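Coordinate inspection notes
Each chain, letter by letter, is given below.
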Amino acid sequence: MAVSDHVDIEKFMEGVKKRNPGQTEFIQAVQEVAQDIFEFIDDKEEYHEAQILRRIAEPDRVVSFRVCWEDDNHNIRVQRGWRVQNNNAIGPYKGGIRFHSSVNESVLKFLAFEQTFKNSLTGLPMGGGKGGSNFNPKGKSDSEVMRFCQSFMTELYRHIGPDTDVPAGDIGVGGREIGYMFGQYKRITNRWEGVLTGKAIEYGGSQMRPEATGYGAVYFLRNMLNHKDDGIEGKTAVISGSGNVATHAAEMMTKLGGKVVTLSDSDGFIHDPDGIDQDKIDWVKDLKNNRRGRISEYADEFSNATFYEGERPWHVECDLALPCATQNELNEDEAKALVDNGCIAVSEGANMPTTLDGVKVFHDAKIMYGPGKAANAGGVAVSGLEMSQNAERISWNQDRLGDMLTELMEGIHGKCVEYGDQGEGYVDYVKGANIAGFKKVADAMLAFGVV
Ligand code: NDP
């Protein structure tokens, strides 16, 4: 094989921008990884020669399709669906499905790219993928959501399978949507198989899967604090979001003796100076999952709480911050506000919630910063365990899965420290996660030759 000239990072990013015009989220995600990987592979000719990063930053395939469905008023509605299969070097494609009006190809390509590194970090055999639609389930009836999910799966089923690609939930896709999609897959194929994760316990779901991402993000935070001989007990935390990840992060934070004072949704955030305890978290879960309400209603129910319309919670004083809503929800100014107010650690439950400028603020201030690809990997890790249980037709109990999740998060933290330790007690968790995630995928790709 010919020895290629080393492409520098500027040239590499120029190419990424040229090939992906207007895909800002995808370019942002590649940029963040490329910085660390170029440094790591500087003296490793084999990765340059084989163009490994260039290949990981080009999805294996992007499937895009029309999804037609009929609303309750008999109007025909047309949405777009996608599945991005980014890389399957170390296992079947694996990653969630997102239903939200903000979904587009750029967002799904960024998520599938990030997922490739995250899944590798878990140590389990899973490649990276992501899918979704610009369908917005908010305000839709159950039957409308069912008809949409069935139509979506009527195309998606051709591209997935337990050894090919195993989707899960994400924003806008919870137990209800997974149920409708699994039912349709089973009807079309006449096969019961572990093709989706995040299923309900009654039909092959895993204990701990709903809790895993939020709990895992708090375990990662605890690991970062313990590494500095500190802990969660007695600390105040701000959390964004009020969905699956946010409510479970709040739950574990409270269990470990922390005090959670905020939650949010896309309309604004609530601040409860008394703390959001388990009873209040249960109330929020019921509000969001069963009544499909808005977080503003929290302030009507609990009189000491205040709702701040159209605002985000990052100016509230805290020791710890957990962004658990969506991408780019924490910018440079908000990162500065967190640092100035004394925040010592950030653990991302969401994917890429902090902008690149915001991340720089955390790095410059040398606070503990756990990026989503490491901190929120508990969800996909337990999804991986759901796949194993389905394949073996068994189910493990809650305690066993809880222990496995704790161990997996410790393992991920350990890998970040191994590759990200900067000396003098400072760990660059982004660098650690990027390099550890990259190395396993890259070595597998080297073994395959040019494919
Ligand atoms: P949910 O749909 O359960 O909750 C999402 C929450 O974020 C809601 O409170 C939602 O508010 C809010 N939100 C969504 N979009 C925006 C926006 N543009 N601005 C402000 N708030 C917004 O999703 P999850 O909890 O499952 O996912 C949250 C994040 O965690 C995502 O980044 C996801 O990719 C990531 N993640 C999830 C995993 C999982 O296991 N579920 C695994 C790993 C990562 P509203 O109701 O107003 O839309």
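Along each chain, the written sequence defines residue order, and numbers are assigned to residues from 1. Local features in a predicted model are, by the rule used here, given only for residues with pLDDT of at least 70; side-chain atom pairs are given and counted only at 80 or more, and totals for whole chains, interfaces and linings are based on all residues. The basis for the side-chain values is all heavy atoms of the structure; hydrogens and waters are excluded.

Stated formally: UniProt positions are given in the numbering used here, feature names are shortened, and annotations may be inferred rather than shown by experiment.
Within an unreviewed UniProt entry, the label attached to the protein chain reads Glutamate dehydrogenase, and the organism entered is Erythrobacter rubeus. Database annotation for the protein chain, UniProt heading Sequence similarities (unreviewed entry): "Belongs to the Glu/Leu/Phe/Val dehydrogenases family." Per its UniProt entry, the protein chain bears the Subunit (unreviewed entry) comment "Homohexamer."

**What to know about the overall build of the protein chain**
We apply this condition: Runs of E in the DSSP output that reach at least two residues are strands. Runs of H or I that reach at least four are helices, and both are numbered from the N terminus. Relative accessibility under 20% of the residue-type maximum defines a buried residue, over 50% an exposed one, and the middle range a partly exposed one, all with a 1.4 Å probe and only protein chains included.
Helix and strand content of the protein chain: 17 helices and twelve strands. Summarising its shape, the C-alpha atoms of the protein chain cover approximately 70 × 55 × 45 Å along the three principal directions. Here the protein chain holds 451 residues, and 57% of them are scored as buried.

**Remarks on unusual backbone geometry**
Its identity is not glycine, yet N328 carries a phi of approximately 50°, on the positive side. Tracing the backbone through its elements, the reader meets N328 in the loop between β10 (320-322) and α12 (332-340).

**A few points about the packing of helix α5 (residues 105-121) against helix α17 (residues 429-448)**
This is how it is decided: Angular values range over 0 to 180 degrees, each being the angle between N-to-C directions of two axes fitted as lines to C-alpha atoms, with helices fitted over their stretch in contact. Each angle gets one of four labels, with under 35 degrees taken as roughly parallel, over 145 as roughly antiparallel, 65 to 115 as roughly perpendicular, and the rest as oblique. Here, two residues are considered to be in contact whenever any of their heavy atoms come within 4.5 Å of each other. Gly counts as polar in this scheme, as do all residues outside two lists: the nonpolar Ala, Val, Leu, Ile, Met, Phe, Trp, Tyr, Cys and Pro, and the charged Asp, Glu, Lys and Arg.
At a minimum axis separation of 8 Å, α5 and α17 run at an interaxial angle of 85°. Taken as axis vectors, α5 and α17 run roughly perpendicular relative to one another. Contact with α5, carried on its side by T116, F117, S120 and L121, involves A433, N434, A436, G437, F438, K440 and V441 of α17 and no other residues of that element. Grouping the constituent residues of the contact of α5 with α17 by class yields six nonpolar, four polar and one charged.

**What to know about helix α8 (residues 209-227)**
The line we're drawing: In this analysis, the expected span of each helix is defined as 1.5 Å times one less than the number of residues it contains. Bend angle per residue: angle between axes fitted to the 7 residues ending at that residue and the 7 residues starting there.
Its 19 residues place the ends of α8 26 Å apart at the C-alpha level, agreeing with the 27 Å of an ideal helix rising 1.5 Å per residue. Y215 marks the point of greatest bend in α8, at about 30°. The element α8 is largely enclosed, with a buried count of 15 among its 19 residues. Following α8 by one or two positions, D229 has its phi on the positive side, about 55°.

**Here we look at the environment of G131**
Tracing the backbone through its elements, the reader meets G131 in strand β4 (residues 128-133). Residues G131 and L196, spaced 65 residues apart in sequence, show a C-alpha to C-alpha distance of 12 Å. For G131, the residues in contact, after removing those within four places along its chain, are W82, R83, G96, I97, R98 and L108.

**Here we look at the site of the ligand**
Here is the rule: Proximity is defined per residue: if any heavy atom of the residue lies within 4 Å of a molecule or strand, that residue is considered near it. Between N or O atoms, a polar contact is any pair within 3.5 Å; within protein, one atom must be a potential hydrogen donor and the other a potential acceptor, and residues adjacent in sequence are included only when both atoms are from side chains. Per-residue and other accessible areas were derived by the Shrake-Rupley procedure at a 1.4 Å probe size, with only the shown protein chains allowed to occlude residues.
D170, T213, S266, R294 and N351 are the nearest of the 26 residues found near the ligand. Separating an oxygen atom of the ligand from a side-chain N or O atom of K138 is a distance of 3.0 Å. Take R294: an N or O atom from its side chain is 2.5 Å from an oxygen atom of the ligand. Contact with the protein chains covers 83% of the free accessible surface of the ligand, which is 890 Å². Secondary structure elements with two or more residues in the shell around the ligand: α8, α9 (244-255) and β7 (259-265).

**Brief notes about helix α13 (residues 356-365)**
Test applied: The directions considered for the arc run from the helix axis to the C-beta atoms.
Taken as a whole, α13 has its buried residues at G358, V359, V361 and F362. For α13, the angular spread of buried residues about the axis comes to 155°, placing them on one side. Looking at the buried positions of α13, the neighbouring elements they touch are α12, β11 (345-347) and β12 (368-370). With its phi angle positive at about 55°, K366 sits one or two positions after the end of α13.

**Things to note about the domain arrangement of the protein chain**
Note the cut-off: The split into domains, and so the bounds of each, comes from an automatic or database assignment of domains. A quick way to say it: buried area is the sum, across both parts, of accessible area lost when two parts are put together, with a 1.4 Å probe. What makes a salt bridge here is a side-chain nitrogen of Lys or Arg within 4 Å of a carboxyl oxygen of Asp or Glu, nothing more.
Each assigned domain of the protein chain is listed with its residue range as follows: domain 1 (3-56), domain 2 (61-195) and domain 3 (210-375). The gap between the C-alpha centroids of domain 1 and domain 3 is 32 Å. Summed over both sides, the interface between domain 1 and domain 3 buries roughly 510 Å², with carbon and sulfur atoms accounting for 60% of that surface. If you sort the residues of domain 1 by the area they bury against domain 3, E25, Q28 and E32 come out on top, with a joint share of 80%. One can count one salt bridge joining domain 1 with domain 3.

**Considering the packing of α8 against helix α15 (residues 377-392)**
To keep things clear, this is the line we draw: What makes a crossing left-handed is the near helix being turned counterclockwise from the far one by less than a right angle; a clockwise turn instead makes it right-handed.
Taken N-terminus to C-terminus, the directions of α8 and α15 make an angle of 150°; their axes are 7 Å apart at the nearest point. As the angle between them shows, α8 and α15 are arranged roughly antiparallel. Once α8 is placed against α15, the crossing between them reads as right-handed. Within the contact between the two elements, α8 uses R209, A212 and T213 and α15 uses G378, G379, V380, V382, S383 and E386. Partitioning the contact of α8 with α15 into residue classes produces three nonpolar, four polar and two charged.

**Considerations on the sheet that holds β4**
Strands pair in a sheet through their backbones, by hydrogen bonds, and they do so in one of two ways: parallel or antiparallel. This is how it is decided: Two strands make a pair as long as DSSP finds a minimum of two bridges between them.
Reading across from one edge, β1-β2-β4-β3-β5 is the order of the five strands in this open sheet, with mixed pairing throughout. The open sheet is flanked by β1 (61-70) and β5 (165-168), the only strands paired with a single partner. Each strand axis lies, on average, 20° off the axis of its neighbour in the sheet, ignoring direction. Sheet contacts for helix α6 (residues 142-156): β1, β2 (76-87), β3 (93-99), β4 and β5; angle to β1, the most-contacted strand, approximately 140°.

**Overview of the sheet that holds strand β6 (residues 236-239)**
Read from one edge of the open sheet, seven strands run β9-β8-β7-β6-β10-β11-β12, paired in mixed fashion. Every interior strand has two partners, whereas the edge strands, β9 (306-309) and β12, have only one. Each neighbouring strand pair of the sheet contributes to a mean axis angle of 15°, computed without reference to strand direction. By the bridge criterion, three bridges tie β11 to β12 in an arrangement that is parallel. Following the sheet pairing, A345 is matched in β12 by M368. Contacting β10, β11 and β12, α8 crosses the sheet at an angle of about 150° to β11.

**So, the side chain of N434**
Within the secondary structure layout, N434 lies in helix α17. Overall, N434 belongs to the buried group, its relative accessible area being 0%. Ignoring any residue separated from it by four or fewer positions in sequence, one finds N434 in contact with E32, V33, D36, I37, F117 and K373.

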